[in-house]
Amino acid sequence: MLELYHGGTSVCSVKVRLVLAEKELAWESHYLSLDRREHQTEAYRAINPNLKVPALVDDGVPVVESTVINEYLDDRYPEVPLKPEAPHERARMRLWTQQLDTGIHAAAGTVTYCIAYRHRRLALSKEEFETYLAKKPVAEHRERSRDRIVNGVKSKQFAPALARMEKMVVDMDRQLAETPWLAGESYSLADAGFTPYINRLDQLRLNPIWADRPHVADWYARIRARPSFEIATGEWFDEESLTLMAEKGAEEWPSLRDMLDSKAA
Ligand SMILES: N[C@@H](CCC(=O)N[C@@H](CS)C(=O)NCC(=O)O)C(=O)O
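These figures come from a predicted structure and were not determined experimentally.

Let's talk about the sheet that holds strand S3 (residues 55-58)
Here 4 strands make up an open sheet; going across it, the order is S2-S1-S3-S4 and the pairing mixed. Two strands close off the open sheet at either side, each with one partner strand: strand S2 (28-31) and strand S4 (61-64). Across this sheet, the average inter-strand angle for adjacent strands is 20 degrees, counted without regard to direction.

A closer look at the pattern of salt bridges
Counted by the stated rule, this structure contains 17 salt bridges. Between Glu143 and Arg146 there is a salt bridge, with its nearest N and O atoms 3.1 Å apart. Taken as a pair, Glu143 and Arg146 lie in helix H6 (residues 139-151) at a separation of 3 residues, close to a single helical turn. In this structure Glu143 comes out as partly exposed when scored by relative accessible area, which is 43%. The exposure class of Arg146 is partly exposed, given its relative accessible area of 26%. In this structure, Arg222 engages Asp218 in a salt bridge whose closest nitrogen and oxygen atoms are separated by 3.0 Å. Here Arg222 pairs with Asp218, and both are found in helix H9 (residues 214-225), just 4 residues apart, close to one helical turn. On the accessibility criterion, Asp218 (41% relative accessible area) is partly exposed.

The rules behind each value
- Residues numbered from 1 in each chain as written.
- Predicted model: local features only at pLDDT ≥ 70, side-chain atom pairs only at ≥ 80, totals over all residues.
- Heavy atoms only, no water.
- Pairing = 2+ DSSP bridges.
- Helix = DSSP H or I, 4+ residues; strand = E, 2+ residues; numbered from the N terminus.
- Axes fitted to C-alpha atoms, helices over the stretch in contact; angles between N-to-C directions.
- Salt bridge = Lys/Arg side-chain N within 4 Å of Asp/Glu carboxyl O.
- Buried < 20%, exposed > 50% of the residue type's maximum accessible area, 1.4 Å probe, protein only.

Here's what the structure looks like:
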């Protein structure tokens, strides 16, 4: 039996839910609220020592890290293959998915937090805020978090993260001008992997970034038309997070557009 420990709007959770849906696999849900810190328990540490979502458990054996989980699912359940046949396309697929783990995921977290989720913490009293930060055991993480919450899009962490997300869109558009899908001729783990990150920019109302990048716009329309998209997102997203991201993203967009324009100038 397949079990998934996952969060609602968590991009890595969406990435795995997409692959489960593409493969039409049945799975048991263990939904963890990250806001209520339900992933930070000793019971969950036994499944994922990193205390992150998602984690897959297949017949009692845990598999962690979303990129690894998706590769595992494709090896273990190959009936609907999501890795291209041709070795060079398979290599290209992995060059894409590797980027998620070496920069894009962290950038997406910074962009989301500095624009939207910081407002949840700004609503805390000074005392509650310090208690919240004190729970982070690593001093550097504490200070990075304080900076994001207090300074938002003016944090030094923000502009490089936004630039990384814009580069992601530019790189995707270049590839999608050549091939219908990121790895080549067929939908693959690369497309599943990038879907939640483009979707995140969309949730934050930063979709003008691809206004003049028609290949990304066309890819995203084709992605949303696949049944897997609604299955992996609709049921699991909560209104409060979606509203917060949409409202704060729309408010910030004019200053972010200037930030991107001044970088290009
Ligand atoms: N490299 C990991 C990253 C997992 C990750 O950062 N998960 C986020 C949600 S997308 C999380 O659990 N955040 C909660 C926390 O850091 O406390 C993966 O791909 O699975």
